[in-house]
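Chain by chain, the residues:
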Amino acid sequence: MTYTPILSVVEQAAMEGLKAAGRDVLKRARELSPTLTGDSDKSGFVATDDLTVQVGFTSIVSMLQHERTEWQHPDGGQAKFLETAADEVDVESVIADAVRSRLGG
């Protein structure tokens, strides 16, 4: 037997908002990340499940660049680019707007 959740209209809208917010965070993180070849940026992903969102990068280079605050980035970018992006994007407002829109408001 397969478990298939039945989401309410509000939960569906919240999931849409989570996906949109995740895409916003990923876009901003790519803008802030150190980029030499672009391969790291291409490894970015957004995943949603059970009213949660995960944004990240699968590239080892991205993971190292994110954590190594002492590294210099002569072509621009910064460490903690994903953390900064998550702090800058107003996730709650994106979700609220999606729910409001779904409810006709």
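Colleague: Talk me through the packing of helix H3 (residues 60-67) against helix H4 (residues 81-88); I want residue IDs and the actual numbers.
Modeller: The contact between H3 and H4 brings their axes to 7 Å, and the two run at 75°. When the interaxial angle is binned, H3 and H4 end up roughly perpendicular. Two secondary-structure elements touch here, H3 through Ser62, Gln65 and His66 and H4 through Phe81, Leu82 and Glu83. Looking at the contact of H3 with H4 residue by residue, the classes come out as two nonpolar, three polar and one charged.

Colleague: Just give me the short version of the packing of aromatic side chains, but keep the residues and values in it.
Modeller: The geometry of an aromatic ring pair is captured by two quantities: the separation of the ring centres and the angle between the planes. Applying the stated criterion across every chain, the model contains one aromatic pair. Taken together, a centroid distance of 5.5 Å and an interplanar angle of 80° make the contact between Phe57 and Phe81 edge-to-face. Of this pair, Phe57 sits in strand S2 (residues 52-57) while Phe81 sits in helix H4; the two residues are 24 residues apart in sequence, bridging distant segments of the chain. By relative accessible area, Phe81 is classed as buried at 2%.

Colleague: I'd like a rundown of H4, residues and numbers included.
Modeller: Taken residue by residue, H4 has Phe81, Leu82 and Ala85 as its buried positions. Buried residues in H4, looked at end-on, bunch into an arc of 95°, giving them a common side. The secondary structure elements touched by the buried residues of H4 are helix H1 (9-32), S2 and H3.

Colleague: So what about the side chain of Ser59? Which residues, and what values?
Modeller: Topologically, Ser59 is positioned in the loop between S2 and H3. Classification of Ser59 as buried rests on a relative accessible area of 14%.

Colleague: Please provide a residue-by-residue account of the pairing of strand S1 (residues 44-49), values included.
Modeller: When S1 meets S2, the two strands line up antiparallel, connected through six bridges. Bridging across to S2, Val46 finds its partner in Val55. Joining the antiparallel neighbours S1 and S2 is a turn of two residues, in which Asp50 adopts a positive phi near 50°.

Colleague: Describe in detail the packing of H1 against helix H5 (residues 91-102), supporting the description with residues and values.
Modeller: Here H1 crosses H5 at 140°, and the two axes come no closer than 8 Å. By the criterion of interaxial angle, the relationship of H1 to H5 is oblique. When you trace H1 past H5, the crossing you get is right-handed. Each of Val9, Val10, Gln12, Ala13, Ala14, Glu16, Gly17, Leu18, Ala20, Ala21, Asp24 and Val25 in H1 lies in contact with H5, whose residues at this interface are Val91, Val94, Ile95, Ala98, Val99 and Arg102.

Conventions and cut-offs
- Residues numbered from 1 in each chain as written.
- Predicted model: local features only at pLDDT ≥ 70, side-chain atom pairs only at ≥ 80, totals over all residues.
- Heavy atoms only, no water.
- Axes fitted to C-alpha atoms, helices over the stretch in contact; angles between N-to-C directions.
- Helix = DSSP H or I, 4+ residues; strand = E, 2+ residues; numbered from the N terminus.
- Parallel < 35°, antiparallel > 145°, perpendicular 65-115°, else oblique.
- Contact = heavy atoms within 4.5 Å.
- Nonpolar A, V, L, I, M, F, W, Y, C, P; charged D, E, K, R; others polar.
- Phe/Tyr/Trp six-rings, centres within 6.5 Å; stacked < 30°, edge-to-face > 60°.
- Buried < 20%, exposed > 50% of the residue type's maximum accessible area, 1.4 Å probe, protein only.
- Arc of directions from axis to C-beta.
- Pairing = 2+ DSSP bridges.
- Left-handed = near helix turned anticlockwise from the far one by under 90°.

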